[in-house]
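Single-letter residue listing:
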Amino acid sequence: MISLYGNMIKQKKEEVSEESAAYLEKVLNSANELYFAMKDVIWSLKPEAESLNGLTQHIGDLGQRLFENSDTEFVLMSNLESTKDIPLSKDQSKQLSLIVREGMHNALRHAKAQTFKLEIKHHLNFLNIDMIDDGVGLSKKGSGEGFENMKIRAEKLNG
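What you see as residue numbers is a count from 1 along each chain, following the sequence as written. Local features in a predicted model are, by the rule used here, given only for residues with pLDDT of at least 70; side-chain atom pairs are given and counted only at 80 or more, and totals for whole chains, interfaces and linings are based on all residues. Note: side-chain values were computed over all heavy atoms of the structure, leaving out hydrogens and water.

## What about the environment of glycine 146?
The residue glycine 146 is located in helix α5 (residues 146-156) in this model. Linking glycine 146 and glycine 103, residues 43 residues apart in sequence, is a C-alpha distance of 8.0 Å. The helix count covers DSSP runs of H or I at least four residues long, the strand count covers runs of E at least two residues long, and both are numbered beginning at the N terminus.

What follows is the structure, encoded as structure tokens:
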């Protein structure tokens, strides 16, 4: 509902000041993030959350939704169709999902990329997740904690 009302206001640009438009954009972004966070919580309670194939499907759906209204093309590649489904604990699934979500958000917010490619590969009991974009690169003076959070989450998984 928040997004619906926000988008209705956004369509009436002649009646909204530049400052109000900036605040409106923040409200819409926050509503969108809350929506995706709730979907993650609901998904994490389902049995599919306890398998690598289920996680890959969830991440693919998330990527499609996140990138659908952007100028960035989302590409998901995996070799999981050729491997046996791998069971995951709820914590493993959660940590992996949050790592990929952070990478996607970083690409959307900062990279100005035309393409974001997510590659998920499983081989000989190793899982490799690559997030590749053709964006502008990293700023040396970034104040965000995203990469540090991704590193901490990966370390929790012995990654």
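## Thoughts on the sheet that holds strand β2 (residues 115-123)
The rule for pairing is simple: two strands pair if DSSP sees at least two bridges between them. Strand order in the open sheet formed by three strands is β1-β2-β3, with mixed pairing between adjacent strands. Of all the strands in the sheet, just β1 (73-78) and β3 (126-133) have a single pairing partner and so form its edges. For this sheet the average axis-to-axis angle between neighbouring strands, irrespective of direction, equals 10°. Note on contacts: a residue pair is in contact if any heavy atoms of the two residues lie within 4.5 Å. Axes, fitted as lines to C-alpha atoms, cover a helix only where it is in contact. Angles between the N-to-C directions of the axes lie from 0 to 180 degrees. Set on the sheet, helix α4 (residues 90-111) makes contact with β1, β2 and β3; between it and β3 the angle comes to about 10°.

## Re the confidence of the model for the chain
The share of residues in the chain with pLDDT of 70 or more is 86%, and the mean pLDDT across the chain is 84. Mean pLDDT in the chain bottoms out at helix α1 (residues 2-11), which sits at 68, and peaks at β1, which reaches 95. The pLDDT value expresses, per residue, how confident the predictor is, ranging between 0 and 100.

## Brief notes about the pattern of salt bridges
Where side chains of opposite charge bring their charged atoms close, a pairing between them can arise. A pairing counts as a salt bridge when a side-chain nitrogen of Lys or Arg comes within 4 Å of a carboxyl oxygen of Asp or Glu. In this structure the tally under the stated criterion is three salt bridges. A salt bridge links glutamate 50 to lysine 90, with the shortest nitrogen-to-oxygen separation between them at 3.1 Å. Highlighted residues: glutamate 50 in the loop between α2 (18-44) and α3 (52-67) and lysine 90 in helix α4, separated in sequence by 40 residues. Looking at glutamate 50, the relative accessible area reads 36%, which means it is partly exposed. Using a 1.4 Å probe on the protein chains alone, a residue whose accessible area is under 20% of its type maximum counts as buried, one over 50% counts as exposed, and one in between counts as partly exposed. Since its relative accessible area comes to 38%, lysine 90 is described here as partly exposed.

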